[in-house]
Amino acid sequence: MTHRSDSVGLVLARPARMLGHEPFFGELIAGIEERLSAEGRSLLLHIVPDHTAEIAAYRRWAEGSMVDAVTVVNVVTDDPRLPVLVELGVPAVVVGGPPAGLGFTNVWIDDAQAMRDAVGFLVGLGHADIARVSGPHELAHTRSRSTAFLEECARSGVESTIVEGDYTDESGKRATRALLGRRGAPTAIIYDNDVMAAAGLGVAAEMGVPVPAKLSLMAWDDSALCRLASPALSSMTLDVHAMGMQVADCVLNMLAGGPVTAHMAPLPRLSARGSTARAPQAVAAGTVSADTVD
């Protein structure tokens, strides 16, 4: 790959329709493009249905010298894409993955600590039965969050439940209906993205479960969707646009001959808003005092 194309490739293996209503990738792409364009480079975006098609795209790009590097997202366990990129000699920066030993420059998030912070906040509000609506289980960051969720709930002596979703509003609705329809429903639910959380808020209203009086809801990543909801959704807030710029900086540094390095993105911070409050039993007992803040 000696020919310079001034393009960086990003393949998203996901339904194209999701880009229209999922803020995360829109913000990530905007951050990457902003930094690359300032250096006279552009982002080549390709949307495919699965990893097999993604790998095929990498092979086409390598054969035609269409990109100088690629950015890989949504790392899975034993990811099949990474050895192919090594085989092709395509420089790559990975979004996610472990803090060391990946073999590629990557930008990783301490999802485990963020989840511990989220659970700790809800436990501090007196919630003793907490559920989580996760993303797909095969994603590395989903597994990291799920492990931390279960461990932190066990450490705090509270009940825990995980229902798997796929980031869409429909999966958020299904998971929330299942959780609220069972005997002994949770008093708090943590969602793996803002779309599922907003959908869950709508289901709670349909089922007559007041938020936050009877049920606290927390989103992940944060976006205007969370802030415009009624009540506004509490969230673990990540500056996705800034992370996109950080990813682009890593790409530019790699293309300039920089070393393979793991970079930590800023830790998601808790933004407590109107969708979280003291657990009903804690309010009745008068034993927990915690206020929501923006």
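A brief look at the structure comes next. These numbers were taken from a predicted model, which means no experiment stands behind them.

**Considering helix H3 (residues 81–88)**
Side chains three or four residues apart in an α-helix point the same way, a direct result of the helix having 3.6 residues per turn. Those residues of H3 that fall on the buried side of the exposure criterion are Arg 81, Leu 82, Val 84 and Leu 85. All buried residues of H3 lie within an arc of 160° about the axis, which places them on one face of the element. Set apart from the buried face of H3 by more than 90 degrees, the exposed residues are Pro 83, Val 86 and Glu 87. Tucked into the core, H3 has its buried residues touching helix H2 (51–63), strand E3 (69–72) and strand E4 (92–95). At the exit of H3 stands Gly 89, carrying a positive phi of roughly 70°.

**Some details on the layout of surface pockets**
Over the atoms rolls a probe the size of a water molecule, and its path tells where empty space is left. In this structure, the largest pocket occupies an estimated 480 Å³ of space. Taken together, 28 residues make up the lining of the largest pocket; nearest its centre are Gly 96, Ile 109, Asp 111, His 141 and Arg 145. Those elements that provide at least two residues to the lining of the largest pocket are helix H1 (23–38), helix H4 (111–124), helix H5 (140–156) and strand E9 (216–221). Considering every element that reaches the lining of the largest pocket, the biggest residue donor is H5, with four residues.

**A word on the pattern of salt bridges**
The final tally for this structure, using the stated rule, is 16 salt bridges. Arg 81 is the partner of Asp 79 in a salt bridge, and the nearest nitrogen-oxygen pair spans 2.6 Å. Taking relative accessible area as the criterion, Asp 79 reaches 8% and is therefore assigned buried. Several salt bridges share partner residues, and in doing so they unite Arg 4, Asp 6, Arg 41 and Asp 68 into one network.

**A look at helix H6 (residues 169–180)**
Over its 12 residues, H6 extends 16 Å from the first C-alpha to the last, a length consistent with the 16 Å expected when each residue adds 1.5 Å. Where H6 is buried, its residues touch strand E6 (129–134), strand E7 (159–164), strand E8 (188–191) and helix H7 (194–206).

**Notes on the sheet that holds strand E5 (residues 105–108)**
Spatial ordering of the open sheet is given by E2-E1-E3-E4-E5-E11, a layout of six strands whose pairing is parallel. A strand with exactly one partner marks an edge of an open sheet, and here the two such strands are strand E2 (42–48) and strand E11 (262–264). Put simply, the sheet's adjacent strands are angled 20° from each other on average, direction ignored. Bridge count between strand E1 (residues 7–13) and E2: seven bridges; the pairing is parallel. Along E2, the bridge assignment pairs Val 8 with Leu 43.

Definitions and limits used
Residues numbered from 1 in each chain as written. Predicted model: local features only at pLDDT ≥ 70, side-chain atom pairs only at ≥ 80, totals over all residues. Heavy atoms only, no water. Buried < 20%, exposed > 50% of the residue type's maximum accessible area, 1.4 Å probe, protein only. Helix = DSSP H or I, 4+ residues; strand = E, 2+ residues; numbered from the N terminus. Arc of directions from axis to C-beta. Contact = heavy atoms within 4.5 Å. 1 Å grid on protein atoms, 1.4 Å probe; cavity = no way out; pocket = protein on both sides within 12 Å on 5 of 7 lines; lining within 4 Å. Points joined across faces, edges and corners; volume = space filled by probe spheres on them. Salt bridge = Lys/Arg side-chain N within 4 Å of Asp/Glu carboxyl O. Expected span 1.5 Å × (residues − 1). Pairing = 2+ DSSP bridges. Axes fitted to C-alpha atoms, helices over the stretch in contact; angles between N-to-C directions.

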